[in-house]
Amino acid sequence: MAIVFQKPHALTDAPLHYCPGCPHGIIHRLVAEAIDALGIEGRTIGIAPVGCAVMAYDYFSCDMMEAAHGRAPATATGIKRCRPDNIVFTYQGDGDLASIGMAETVHAAARNENITVIFVNNAIYGMTGGQMAPTSLPGQVTQTSPYGRDVTHCGWPIRICELLATLEGPEYVARVAVNNVKNVKAAGKAIQKAFQNQIDKKGFSLVEVISACPTNWGMTPQKALEWVESDMIPYYPLGVYKDRTAAKEAAE
Amino acid sequence: MAERVLMKGNEAIAEAAIQAGCRHYFGYPITPQTEIAAYMAKRLPKIEGGVFLQAESEIASINMVYGAAATGARVMTSSSSPGISLKSEGLSYIAASDVPAFVVNVQRGGPGLGGIQPSQSDYFQATKGGGHGDYRMIVLAPATVQEMASLTVRGFNLADKYRMISMILADGTIGQMMEPISFQDIQVETYEKPWALTGTGMERPHNIVNSLYLKPDELERKNFERYEKYAAVEAAEAMWETYQMDDAEIGVVAFGIAARVAKNAVAAARSEGIKAGLIRPITLWPFPKEVLRQAADQVKAFVSVELNMGQMIDDVRLCTGCKRPVSLCNRTGGMIPSPDQVLASIRAAVKGGN
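Residues numbered from 1 in each chain as written. Chains lettered and ligands numbered in written order. Predicted model: local features only at pLDDT ≥ 70, side-chain atom pairs only at ≥ 80, totals over all residues. Heavy atoms only, no water.

1. Remarks on the interface of chain B and chain A
Many descriptions give the size of an interface as the accessible area lost when the pieces come together. Short version of the rule: Between two residues, a contact is recorded if the distance between any of their heavy atoms is within 4.5 Å. Throughout, buried area stands for the accessible area (probe radius 1.4 Å) lost by two parts on being put together, summed over both. One side-chain nitrogen of Lys or Arg within 4 Å of one carboxyl oxygen of Asp or Glu is enough to make a salt bridge. For the purposes of these results, a polar contact is taken to be a pair of N or O atoms within 3.5 Å, where, inside protein, one atom must be able to donate a hydrogen and its partner to accept one; residues adjacent in sequence count only when each atom of the pair is a side-chain atom. Numbering of helices and strands starts at the N terminus; helices are DSSP runs of H or I of at least 4 residues and strands are runs of E of at least 2. Residues are grouped as follows: Ala, Val, Leu, Ile, Met, Phe, Trp, Tyr, Cys and Pro are nonpolar; Asp, Glu, Lys and Arg are charged; all remaining types, including Gly, are polar.
With 33 residues of chain B in contact, the opposing surface of chain A contributes 35 residues. Carbon and sulfur atoms supply 62% of the area buried between chain B and chain A, which totals about 2600 Å² over both sides. The interface formed by chain B and chain A contains 3 salt bridges. Ionic pairing is found between B:Glu89 and A:Arg71, a salt bridge with its closest N-O pair at 3.5 Å. Applying the counting rule to chain B against chain A returns 16 residue pairs in polar contact (both at pLDDT 80 or more). For the side of chain B that touches chain A, the secondary structure elements donating two or more residues are β2 (24–27), β3 (51–54), α3 (58–70), α4 (81–97) and β9 (208–209) of chain B. If one sorts the elements of the side of chain B that touches chain A by residue count, α3(B) sits on top with 8 residues. Its residues assigned to classes, the side of chain B that touches chain A comprises 18 nonpolar, 12 polar and 3 charged.

Right, here's the structure in full:
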């Protein structure tokens, strides 16, 4: 019988531990498909974050490392500076990348560190049980904002793509989502481009993936995807925020 | 390099690191060790594969070291006391992942922002942990500029041999002082690193560098295994120097710059007929327990000379089983005891007082 659909080679056979309806599985798959498509598994080194994806080191077939909370871009820098011919990516959540690891994120981008960053934004701390994230929406109810996120008390959500796009450093900054088939396909393309940029030695490429957390949002998986469309995407508009090569070509 | 050169202690570390095969330095500026970064910034870009990178923080720099070490590269960072506190999270991760790294602490007075003058007040932090969890680092305490160089090379070798962190615990005085030194006797050892992250090449299962073990029995087993390694280090790698200890009745114990002051005081004590001697631990972890245990059978009292409020003194008491009185002769906050102060402590120890 002909195989018509299979698991990417860059994913191991380990069963994923994610909750039912969690989009991490889709995003892992998109990363693995990009690695397969580019034929780079044998020279890729991935870095797992602290958070829900902490055990991603078991799921990708390439060499893997588990970084301290928020430090993945620094750890990736250390690897890439020692082994510039390897392909280095980080896979980080919103608490990891946009809160505790903000300095590492901004400075890796400012240095145009030639790495690929996959930033999964689901507006909540999932692994610790649903606390307010730096990207939680105004009014969003979480375990640590039980009356809804009060921006007069704890400030406003951070839009990472818009922030990084103000820097000279990064090559490519884009925001995608995985809430429907069309968006998943676009997300896959953006992720592959972020790896291709590294192969081409263009520099820091970050893809923010708007994701969902049915468990901690207290929604069914379907309702969570609807909330991505109705609430998340309006606050975090999809699109390419910076593409130095494209901008340069357009200018010529 | 010429047979003997005049160098600052901090520069000696940097040059020795390069000669030991270190091609990657990640750091963040802090006094009194900036010469190390300055030297590396000048030299490494001129060497093939050499990378000097000034990070955005001490936290980022130690995590860059973590990543670089995971690839099997010889890599280092350097800092001073408050910076080492910031690096301590990373040190715990590096220790827990069993990757080798070389770290320098040119200590300054603390706690807090403290001062920028020499100190030995990070003894506890270096030898008892600093970061969270059960782990150890090899801690080397140079007393001369020559030792800044030779212990740096030894530090890199030991780090690779045992897949551990080696730390040079120096102080602002040795870091800043100049002495003639030689790089003639450098012996670089190399070790296979099949665990390193290099890319699978589609030829082997993936390597994982990790410190997470969610199953408690697995984490316990990991910790037990790591402590077997530490026991081997304790059995094989303790270093010390003794001076006038053959017939000593007063055993002065001091490391680093304090040991040089203490040596003068021991000589002065001898000239007035007091049988004093000096034990200088060169490794602070592993602590040279055996030589102190044996000395406890010989001397009447110990004097611990330190640039802190009394930290190593606990280890002296522990490994001598409190068999003999141990008194403290100390200055802190960036002050250094004079030979006269140490001599006075030796005289007091003869009389049985403090």
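Further notes follow.
2. Here we look at the packing of aromatic side chains
Which entries qualify depends on this criterion: Classification of ring pairs uses Phe, Tyr and Trp, with its six-membered ring standing for Trp, and accepts pairs whose centres are within 6.5 Å; under 30 degrees between planes counts as stacked, over 60 as edge-to-face, and the remaining range as tilted. Only protein chains enter the accessibility calculation, which uses a 1.4 Å probe; a residue whose area is less than 20% of its type maximum is buried, one above 50% is exposed, and one in between is partly exposed. Note on geometry: a ring has a charge over it if NZ (lysine) or CZ (arginine) is within 6 Å of the ring centre and within 35 degrees of the ring normal.
Tallying each qualifying case throughout the model produces 13 aromatic pairs over all chains. When the centroid spacing of 6.0 Å and the interplanar angle of 65 degrees are considered together, the rings of A:Tyr18 and A:Tyr59 count as edge-to-face. Note that A:Tyr18 is positioned in the segment before α1 (24–38) and A:Tyr59 in the loop between β1 (44–48) and β2 (63–66), a separation of 41 residues in sequence. We note that A:Tyr18, like A:Tyr59, is buried. Ring centres of B:Tyr227 and B:Tyr230 lie 4.8 Å apart, and the angle between their planes is 70 degrees; this geometry places the pair in the edge-to-face category. Placement of the pair is B:Tyr227 and B:Tyr230 together in helix α8 (residues 216–236), with a separation of 3 residues, close to one helical turn. Sitting over the ring of A:Tyr235, A:Arg159 keeps its end group 4.0 Å from the ring centre. The positively charged end of A:Lys193 is found above the aromatic ring belonging to A:Tyr172, 5.3 Å away from the centroid.

3. Describing the sheet that holds strand β6 (residues 205–210) of chain A
The line we're drawing: Strands are treated as partners if at least two bridges between them are detected by DSSP.
Ordered by their spatial adjacency, 8 strands build an open sheet running β7(A)-β5(A)-β6(A)-β4(A)-β3(A)-β1(A)-β2(A)-β9(B), and the pairing between neighbours is mixed. Of all strands in the sheet, those bounded by a partner on one side alone are β7 (239–243) of chain A together with β9 of chain B. The pairing of strand β5 (residues 172–177) of chain A with β6(A) spans 6 bridges and is classified as parallel. Across the sheet, residue A:Arg175 finds its bridge partner in β6(A), namely A:Glu208.

4. Section: the pattern of salt bridges
All names here are of chain B. Going through the model one piece at a time under the given rule, you end up with 33 salt bridges over all chains. Where Lys-161 meets Glu-237, a salt bridge forms, and the shortest distance between an N and an O atom there is 3.4 Å. Note that Lys-161 is positioned in helix α6 (residues 145–162) and Glu-237 in the loop between α8 and β10 (240–243), a separation of 76 residues in sequence. Residue Lys-161 is classed as partly exposed on the basis of its relative accessible area of 41%. Glu-237 gets classed as buried once you look at its relative accessible area, which sits at 6%. The partner of Asp-297 in a salt bridge is Lys-323, and the shortest N-O contact between them spans 2.5 Å.

5. A few points about the nonpolar core
Selection criterion: We call a set of buried residues a nonpolar core when its members are Ala, Val, Leu, Ile, Met, Phe, Trp, Tyr or Cys and they connect through side-chain atoms within 4.5 Å of each other. An automatic or database domain assignment supplies the start and end points of every domain.
The biggest cluster of nonpolar side chains holds 142 residues, and the ones touching the most others in it are A:Leu206, B:Met76 and B:Ile346. Both of domain 1 (5–236) and domain 2 (241–350) of chain B provide at least three residues apiece to this core. When near neighbours in sequence (up to four residues on either side) are disregarded, B:Met76 contacts B:Ile13, B:Ala17, B:Cys22, B:His24, B:Tyr25, B:Phe26, B:Ile36, B:Met40, B:Val65, B:Phe102, B:Val104 and B:Phe156. A:Leu38, A:Tyr172, A:Val176 and A:Phe195 belong to the second-largest nonpolar core, a separate cluster that totals 38 residues.

6. Structural notes on the environment of A:Tyr147
All names here are of chain A. By the secondary structure assignment, Tyr-147 is in the loop between β4 (116–121) and α5 (151–154). Judged by its relative accessible area of 82%, Tyr-147 falls in the exposed class. Between the alpha carbons of Tyr-147 and Ala-250 there is a distance of 47 Å; along the sequence they are 103 residues apart.

7. Focus on the domain arrangement of chain B
Residue and element names in this part refer to chain B. You can read the domains of chain B as domain 1 (5–236) and domain 2 (241–350). Centre-to-centre, using C-alpha coordinates, domain 1 lies 28 Å away from domain 2. Listed as interface residues are 31 residues of domain 1 and, on the opposing side, 26 residues of domain 2. Contact between domain 1 and domain 2 buries roughly 2400 Å² in total, counting both sides, with carbon and sulfur atoms accounting for 57%. Its largest share of buried area at the contact with domain 2, domain 1 owes to Gln-120, Tyr-123 and Glu-234, together 30% of the area lost on that side. At the junction of domain 1 with domain 2, the criterion picks out 4 salt bridges. Close ionic contact of Lys-289 with Glu-234 constitutes a salt bridge, the shortest N to O distance being 3.3 Å. Linking domain 1 with domain 2 are 15 residue pairs in polar contact (both at pLDDT 80 or more). Mapped by element, the contributors of at least two residues to the side of domain 1 that touches domain 2 are α5 (123–128), β6 (138–140), α6, β7 (165–171), α7 (172–176) and α8.

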